[in-house]
Amino acid sequence: MRKTINMYRQIGDFAENKEIAKRIRVENIMPTLSRGDGVELDFEGVDGATQSFIHALISDPIRQFRNVAYENLYYKNANKDVQKVISIVYRYMQESLGDD
Amino acid sequence: MKIHFSNQGNLRNLQSFIKSLDFSDPSKLQITTHSKWITVHPANLALTAALAIKAGKQNTEIIGKIPDTGRYLDRMGLYKLTETKSPFEYNKKESAGRFVPISVIKTAKDQSRFISEMIPLLHLSEQSTMVIKYIIGELVRNVLEHAFSDDGAVVVAQYYKKTNRISIGICDTGIGIWKSMLENWHPKTDLDAIELSLMPGITGTTRREGGTSENAGAGLFFIKSIAKITRSYFAIYSGNAEYTLLKYRSDTRRLPTLYADPFRDRHTKIDDAPRFNGTLVAVDILLDETPEFQSLLGAIGKVYDEAIRERKRTKYKEPKFI
């Protein structure tokens with residue numbers, strides 16, 4: 001099963017509010033991944049995102065679930081800028097994980 | 001406290017402005033200006049507004065002869081924070097360029113509203129709007145999360161048509177960078193703390209690589225790097241230290257090299273500034289020099305990764321050869 005989250009409805013066209021990122025992470029992403037289900041984050045209508053927002057959204061799922069997160073997190077309709085920020089967070093989290 | 005606006009208010013001269021600050025008697029603030037002409041950078045205004053809010057309107061005044069160019073202070077909202085009545089009368093619809101007047105942001109909700117309602121006042125292209133939203137989003141968030149300021153973040157921005165430049169100043173009167181770094185990094189001086197705050201992957205909230213679930217230690221490094229790539233100034237002032245990233249040479253088209261250590265960049269710094277209990281961050285962005293946002297992020301991301309790798313390598317155990 002895959003749960004879809006409409007990001008525009010949560011954060012509008014620019015994703016910078018980390019309180020909302022945390023809420024989505026805690027209330028949706030973590031419980032869904034812990035059940036082994038997939039999460040589809042739909043960025044349709046979102047023009048941009050800060051690194052801090054994306055970090056608050058997905059760094060903890062990556063740290064806690066690792067491969068389960070890589071396999072079950074999907075990013076739909078993310079424009080090139082948003083894709084770039086997500087990729088940056090993926091890269092530095094993987095660089096960092098050996099430190100735990 | 002005393003603040004003087006000269007006729008050279010730009011980031012190149014920020015250190016002169018800072019050295020002229022007088023923080024004695026924090027219960028009141030007196031603002032004076034050059035008698036014939038004043039030029040004020042948003043950083044000067046943001047710092048002044050933050051101190052005016054701290055001292056209180058009834059204890060803040062603008063004194064002496066104010067030249068006609070002083071009407072800019074009125075347009076930006078400084079007089080409203082003081083006891084002094086503005087001597088300027090003008091049609092409020094009169095053009096004063098594209099700017100964001102002195103604005104105070106205290107919550108994440110305020111920040112989202114500010115970004116969606118105020119940034120459009122600058123009437124920038126979609127590409128430039130994204131860069132400015134990004135910068136203000138990250139800098140204000142830094143204040144809200146790390147400064148512990150009762151008065152929030154003061155934000156001021158101005159667009160300069162002639163140079164196609166946006167200048168931004170963000171200031172708080174919170175705990176300052178040294179205190180926010182103290183628990184995990186133990187910096188000896190304010191300058192050490194500033195250096196740490198600008199390094200990729202270093203956050204005051206943890207020593208763990210990758211940060212916490214909320215913080216990665218990337219915000220200021222990204223903003224400083226955006227300034228460098230766009231061949232612009234970036235400055236930060238906290239405690240008795242100030243660091244200014246100088247403009248990258250404009251006579252070469254090569255993309256500037258980014259460094260994890262801010263002291264490797266061309267810069268100036270001082271560690272004997274009047275002690276400011278708070279943090280001021282200022283940045284200029286030359287819009288003509290701003291590449292596609294994704295390529296800008298890509299270049300910054302690469303240096304960020306390399307810095308983490310480098311730091312991890314220093315922790316590797318070495319074989320014991322005997």
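Here, residues in each chain are numbered from 1, in the same order as that chain's written sequence. Lettering of chains starts at A and numbering of ligands starts at 1, both following the order in which they are written. Predicted model: local features are reported for residues with pLDDT of at least 70 only, side-chain atom pairs are reported and counted for 80 or more only, and whole-chain, interface and lining totals are derived from all residues.

**Re the overall build of chain B**
Link 1 in the chain: Within chain B, the regular secondary structure consists of nine helices and 10 strands.
Link 2 in the chain: Its C-alpha radius of gyration of 20 Å places chain B within 12% of the 20 Å reference for a compact globule of 322 residues.
Link 3 in the chain: Dimensions of chain B, computed from C-alpha atoms along their principal axes, come out at roughly 80 × 40 × 40 Å.
Link 4 in the chain: Nonlocal contacts in chain B, meaning residues at least 24 apart in sequence, comprise 71% of its contacts between residues at least 6 apart. Each helix corresponds to a stretch of at least 4 residues labelled H or I by DSSP, and each strand to a stretch of at least 2 residues labelled E; elements are numbered beginning at the N terminus. The globule rule is 2.2 Å times the number of residues to the power 0.38, and the radius of gyration it is compared with is taken over C-alpha atoms. Two residues qualify as a contact pair if the distance between their C-beta atoms, derived from the backbone, is within 7 Å.

**A word on the interface of chain B and chain A**
Often, the extent of an interface is quoted as the loss of accessible area upon association of its parts.
Link 1 in the chain: Facing 30 residues of chain B, the contacting portion of chain A comprises 30 residues.
Link 2 in the chain: Secondary structure elements with two or more residues in the side of chain B that touches chain A: α4 (108-117), α5 (126-147), α8 (219-229) and α9 (293-313) of chain B.
Link 3 in the chain: The element that contributes the greatest number of residues to the side of chain B that touches chain A is α9 of chain B, accounting for 10 residues.
Link 4 in the chain: For the side of chain B that touches chain A, the per-class residue count stands at 11 nonpolar, 10 polar and nine charged. When residues are grouped by polarity, Ala, Val, Leu, Ile, Met, Phe, Trp, Tyr, Cys and Pro land in nonpolar, Asp, Glu, Lys and Arg in charged, and all others, Gly among them, in polar.

**Observations regarding the sheet that holds strand β5 (residues 73-76) of chain A**
Residue and element names in this part refer to chain A.
Link 1 in the chain: By the convention used here, strands pair only if DSSP detects at least 2 bridges between them. A sheet is described by the order of its strands in space; here three strands give the open sequence β1-β3-β5, paired in parallel fashion. Edge positions in the open sheet fall to β1 (2-6) and β5, since each of these has one partner strand only. Between one strand axis and the next, the sheet turns by 20 degrees as a mean value, whatever way the strands run.
Link 2 in the chain: Relative to β5, strand β3 (residues 38-42) runs parallel, the two being bridged by four bridges. The partner of L41 across the bridge, within β5, is Y75. Between N-to-C directions, angles cover 0 to 180 degrees, with each direction set by a line fitted to C-alpha atoms, over the stretch in contact for helices.

**Thoughts on the nonpolar core**
Residues and elements named next belong to chain B.
Link 1 in the chain: As used here, a nonpolar core is made of buried Ala, Val, Leu, Ile, Met, Phe, Trp, Tyr and Cys residues. They are joined through C-beta atoms within 7 Å. To sort residues by exposure, count the other C-beta atoms lying within 10 Å of each residue's C-beta; 20 or more gives buried, 12 or fewer gives exposed, and values between give partly exposed, all with C-beta atoms placed from the backbone. In terms of nonpolar packing, the biggest core is built from 126 residues, with A46, A49, I135, V155, I170 and A235 touching the most fellow members.
Link 2 in the chain: At 11 residues, the largest contribution of residues to this core is made by α5.
Link 3 in the chain: Residues contacting A49, with those up to four places away along its chain left out, are L78, L81, I102 and V154.

**Brief notes about the pairing of strand β10 (residues 276-286) of chain B**
All names here are of chain B.
Link 1 in the chain: Within β10, nine of the 11 residues are buried, leaving the element largely enclosed by the surrounding structure.
Link 2 in the chain: Pairing of strand β6 (residues 165-172) with β10, which is carried by eight bridges, proceeds in the antiparallel orientation. The residue of β10 that forms the bridge with I168 is V283.
Link 3 in the chain: Where strand β7 (residues 234-239) lies against β10, six bridges are found, and the strand directions are antiparallel. When the sheet's bridge partners are listed, G239 is paired in β10 with F276.

**Concerning helix α7 (residues 190-197) of chain B**
Link 1 in the chain: Within α7 of chain B, seven of the eight residues are buried, leaving the element largely enclosed by the surrounding structure.
Link 2 in the chain: Buried residues along α7 of chain B sit against α6 (176-185), α8, β7, β8 (241-245) and β9 (267-270) of chain B.

**Digging into the pairing of β7 of chain B**
Residue and element names in this part refer to chain B.
Link 1 in the chain: Of all six residues making up β7, six are buried, and the element is well covered by its neighbours.
Link 2 in the chain: Examined bridge by bridge, β7 and β8 share five bridges and lie antiparallel to one another. The partner of I236 across the bridge, within β8, is Y243.
Link 3 in the chain: Hairpin connection of β7 to β8: one residue between the antiparallel strands.

**Quick word on the packing of α8 of chain B against α9 of chain B**
Residues and elements named next belong to chain B.
Link 1 in the chain: In contact at an axis separation of 10 Å, α8 and α9 are set at 125 degrees when each is read in the N-to-C sense. The angle between α8 and α9 falls in the class oblique. Between α8 and α9 the crossing geometry is right-handed. Taking contact as the criterion, the partners of F221, F222, S225, I226 and I229 in α8 are, on α9, L296, A299, I300 and Y304.
Link 2 in the chain: Across the contact of α8 with α9, the residue classes tally to eight nonpolar, one polar and no charged. An angle below 35 degrees is read as roughly parallel, one above 145 as roughly antiparallel, one from 65 to 115 as roughly perpendicular, and any other as oblique. Should the near helix be turned counterclockwise from the far one by less than a right angle, the crossing is left-handed, whereas a clockwise turn marks it as right-handed.

**Here's the deal with the environment of S6 of chain B**
Residues and elements named next belong to chain B.
Link 1 in the chain: Within the secondary structure, S6 sits in the loop between β1 (2-5) and α1 (14-19).
Link 2 in the chain: According to the C-beta neighbour criterion, S6 is partly exposed, with 17 such atoms within 10 Å.
Link 3 in the chain: A sequence separation of 27 residues divides S6 from T33, and the C-alpha atoms of the two residues are 6.0 Å apart.

**So, α4 of chain B**
Link 1 in the chain: Among the residues of α4 of chain B, Q111, S112 and I115 of chain B are the ones counted as buried. Along the axis of α4 of chain B, the buried positions cluster into a sector of 95 degrees, meaning they face one direction only. Projecting away from the buried face of α4 of chain B at angles above 90 degrees are the exposed residues K109, R113 and E117 of chain B.
Link 2 in the chain: Residues of α4 of chain B that are buried sit in contact with β2 (14-15) of chain A together with β4 (98-105) and α5 of chain B. As used here, the arc belongs to the directions running from the helix axis to the C-beta atoms.

**Re unusual backbone geometry**
All names here are of chain B.
Link 1 in the chain: Positive phi, normally seen in glycine, also occurs at H123, with a value near 50 degrees.
Link 2 in the chain: Considering the arrangement of structural elements, one finds H123 in the loop between α4 and α5.
Link 3 in the chain: Even without a glycine there, the phi angle at N164 is positive, about 50 degrees.
Link 4 in the chain: Tracing the sequence through the fold places N164 in the loop between β5 (153-160) and β6.

**A closer look at the packing of α4 of chain B against α5 of chain B**
All names here are of chain B.
Link 1 in the chain: Relative to each other, α4 and α5 sit at 165 degrees, their axes nearing to 10 Å. Taken together, the axes of α4 and α5 are roughly antiparallel relative to one another. Judged by the sense of rotation from one axis to the other, the crossing of α4 with α5 is right-handed. On α5, the residues touching A108, Q111 and I115 of α4 are K133, I136, G137, V140, R141 and L144.
Link 2 in the chain: Tallied by class, the residues present in the contact of α4 with α5 amount to five nonpolar, two polar and two charged.

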